[in-house]
Amino acid sequence: MSDFDVDLFVIGGGSGGVRAARIAAGHGARVMLAEEDRMGGTCVIRGCVPKKLLVYASRFAGDFEDAAGYGWSVPKAAFDWPTLIKNKDAEIARLEGIYRTNLTKAGVEIVDSRAVIEDAHTVRVLKTGARIRARVILVATGGRVVKVPAVPGIEHAITSNEAFHLERLPERIAVVGGGYIAVEFAGIFAGLGVETTLIHRGEKLLRGFDEDVRDALGEAYAQRGIRLCLECGLTSIEKMDGELLITLTDGRELRVDQVMIATGRVPNTEKLGLEEAGVALASNGAIVVDAMSRTNVPSIYAVGDVTDRVNLTPVAIREGHAFADTVFGNRPASVDHNVIPTAVFSSPEIGTVGLGEADARQRYGNVRIFRSSFRAMKATLSGREDRVLMKIVVDGDTDRVLGVHILGDGAGEMIQLVGIAVTMGATKADFDRTMAVHPTAAEELVTMRTPVA
């Protein structure tokens, strides 16, 4: 008779936890998963999926305008925010149901409750008080939004969580932040006709991205009418006469209907019993793990944003799968966090994989840069001034492609496919001998022949 109630207890029903639970169950493990909120985690419920739906909605206004250049007479369009939110909510509910169904089909027992760790092998279910003995515990509780800086009146601001459930679309909004979430929501609101101000303490948006991409996005956003307040911060928010008065660090005052704080997320590790169980945490609360996602307590593992390695949904899924294969499938696997394709669903959107130019020059002595900026073909008849940026970073000694960076329509789709080539170690010569698909924007990736730097 086993000393354990289950082989695996998963805390957190997000992308990483669900994948780990399903794969472990497929390997024959007895699995229990606890989720205190809705199944699907940040990505499905209040992150990637609903955000992408809002991004789609925000781009129709431009499509309607562009249609005139192609001979279409489009009546003046009207947008209804409640309809979008209702339809978005229905889709999220459908996806949540699929997550639950798939777990149940895999044989995973779902516990709708918060769970905390009591020791290396014991988890307590708060709703019932039950104590579950598990051979292995996996923490996959993700991250949570934080409102920083904690300025006077910060309680009047919303985060991305609340943005998905606003009763009405504001006429004016200030978005504070310069990362993925801030940039994407600024594009969403502006596309839906909201007077949008983007406030960021840095000199440019999207710290850590290639400098040419950062410059191009800033120019594109300014051209789209988004007010950029760079090298600037928030000092106070005051509610008055049905609006919000915000004061910036440079002394300016703005009147808006909503302030959205998108300055970051932190690992969701509070009150999980980790410290009591002896699990080592980083200064920001992240769970410290090794290459196999194991903590310093041998029976406790962690995957996803709660470890603060690379905070992206596909990474959490891959980590969860690798964990289950390693621990329950007798197939040791680790995740390579070095080459990860990613997209920012701004408008225009961004796709990037590998090293930017600055990082490449720090690591390699001989770097060649191929870059092209051109007006999108679709814009030639619409009259829009949108431009596409494509950039390839190459190791001059080995000819290996170190990074590819795209800004323009379809960048997210393109970078997924380019990511295969870069992951395989493709060279610039491999790109050059690939036949172009004409006429497309993507063909520029295989026709750039002369380095610009």
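Placed above this text is the structure.
Attention in this report is confined to the structure presented alongside it.

Definitions and cut-offs
- Residues numbered from 1 in each chain as written.
- Predicted model: local features only at pLDDT ≥ 70, side-chain atom pairs only at ≥ 80, totals over all residues.
- Heavy atoms only, no water.
- Helix = DSSP H or I, 4+ residues; strand = E, 2+ residues; numbered from the N terminus.
- Contact = heavy atoms within 4.5 Å.
- Disulfide = S-S within 2.5 Å.
- Buried < 20%, exposed > 50% of the residue type's maximum accessible area, 1.4 Å probe, protein only.
- Patch = residues over 30% accessible without salt bridge, like charges linked within 9 Å, V, L, I, M, F, W, Y side chains within 5 Å.
- Areas by Shrake-Rupley, 256 points an atom, 1.4 Å probe, with all protein chains shown as cover.
- Salt bridge = Lys/Arg side-chain N within 4 Å of Asp/Glu carboxyl O.
- Pairing = 2+ DSSP bridges.
- Right-handed = clockwise from strand over helix to strand, strands pointing away.
- Lys, Arg positive; Asp, Glu negative; His and termini not counted.
- Axes fitted to C-alpha atoms, helices over the stretch in contact; angles between N-to-C directions.

**Here we look at the environment of His27**
Turning to its location among the elements, His27 is positioned in the loop between helix H1 (15-26) and strand E2 (31-34). Expressed as a C-alpha distance, the spacing of His27 and Asp325, which sit 298 residues apart in the sequence, is 7.9 Å. Filtering out sequence-adjacent residues up to four positions away, His27 remains in contact with Ala324, Asp325, Phe328, Gly329 and Arg331.

**Some remarks on the state of the cysteines**
In the structure shown here, the tally under the stated rule is zero disulfides. Cys48 provides the cysteine sulfur closest to Cys43, a residue in no disulfide bond, and the two sulfurs are 3.1 Å apart. Judged by its relative accessible area of 12%, Cys43 is buried. Classification of Cys48 as partly exposed rests on a relative accessible area of 32%.

**Quick look at a nonpolar patch on the surface**
A contiguous nonpolar patch, built from Tyr56, Phe60, Phe64, Tyr70, Trp72, Val74 and Leu381 and spanning about 760 Å² of accessible area, is present on the exposed surface. Counting residues per element, the nonpolar patch draws most heavily on helix H3 (residues 48-67), which supplies three residues. When you line up the elements, Tyr56 lands in helix H3. Looking at Tyr56, the relative accessible area reads 43%, which means it is partly exposed.

**Things to note about the pairing of strand E10 (residues 227-230)**
Of the strand pairs in this sheet, strand E9 (residues 195-200) and E10 are connected by four bridges, and their pairing is parallel. The partner of Thr197 across the bridge, within E10, is Arg227. In this fold, E9 hands off to helix H7 (residues 211-223), which returns the chain to E10; that crossover is right-handed.

**Focus on the side chain of Asp395**
Within the secondary structure, Asp395 is located in strand E20 (residues 387-395). The buried charged residue Asp395 lacks any salt bridge, with Arg400 as its nearest oppositely charged partner at 5.3 Å. Leave out the neighbours within four places in its chain, and Asp395 touches Tyr364, Asn366, Arg400 and Leu402.

**Brief notes about unusual backbone geometry**
Apart from glycine, the bulk of residues carry a negative phi angle, and the bulk of peptide bonds sit in the trans form. Each neighbour pair has its own omega, and for Val148 with Pro149 the value is 0 degrees, a cis peptide bond. With respect to the helices and strands, the residue Pro149 is situated in the loop between strand E7 (143-145) and helix H5 (160-163). Of note, the bond from His438 into Pro439 is cis; its omega dihedral lies within 30 degrees of zero at -5 degrees. Note on placement: Pro439 falls in the loop between helix H12 (428-432) and helix H13 (444-447). Even without a glycine there, the phi angle at Leu206 is positive, about 55 degrees. Examined against the element boundaries, Leu206 turns out to sit in the loop between E9 and H7. The residue Asp308 is not glycine, and still its phi comes out positive at about 55 degrees. Within the element layout of this structure, Asp308 appears in the loop between strand E16 (300-302) and helix H8 (313-328).

**Description of the sheet that holds strand E18 (residues 350-354)**
Sheet strands pair via backbone hydrogen bonds, and the direction of the pair is either parallel or antiparallel. One open sheet holds the five strands; their spatial order is E17-E18-E21-E20-E19, and the pairing between them is antiparallel. Strands with a single pairing partner mark the edges of an open sheet, and in this sheet they are strand E17 (342-344) and strand E19 (367-375). Sheet twist, expressed as the average angle between the axes of neighbouring strands with direction ignored, equals 10 degrees. Relative to E18, E17 is paired through three bridges, and the arrangement is antiparallel. If you follow Val344 over to E18, its bridge partner there is Ile350. Set on the sheet, helix H11 (residues 411-423) makes contact with E17, E18, E20 and strand E21 (401-407); between it and E18 the angle comes to about 10 degrees.

**Notes on the sheet that holds strand E13 (residues 253-256)**
The sheet built from three strands is open, its strands ordered E11-E12-E13 with antiparallel pairing. The open sheet has two edge strands with one neighbour each: strand E11 (234-240) and E13. Ignoring which end each strand starts from, the neighbouring axes of this sheet average 20 degrees apart. Strand direction decides the pairing type here: E11 and strand E12 (residues 243-248), joined by six bridges, are antiparallel. Pairing of Lys239 across the sheet is with Leu244, part of E12.

**Details of the pattern of salt bridges**
Taken as a whole and assessed by the stated rule, the structure comprises 37 salt bridges. In this structure, Glu211 and Lys204 form a salt bridge, with 2.7 Å as the shortest nitrogen-oxygen distance. The exposure class of Glu211 is partly exposed, given its relative accessible area of 34%. The shortest N-O distance in the salt bridge between Arg433 and Asp430 comes to 3.1 Å. For Arg433, a relative accessible area of 68% corresponds to the exposed category. On the basis of relative accessibility, which here comes to 25%, the residue Asp430 falls in the partly exposed class. Linked by salt bridges that have partners in common, Asp210, Asp212, Glu357, Arg361, Arg371 and Lys391 make up one network.

That's the geometry; what it means functionally is another story.
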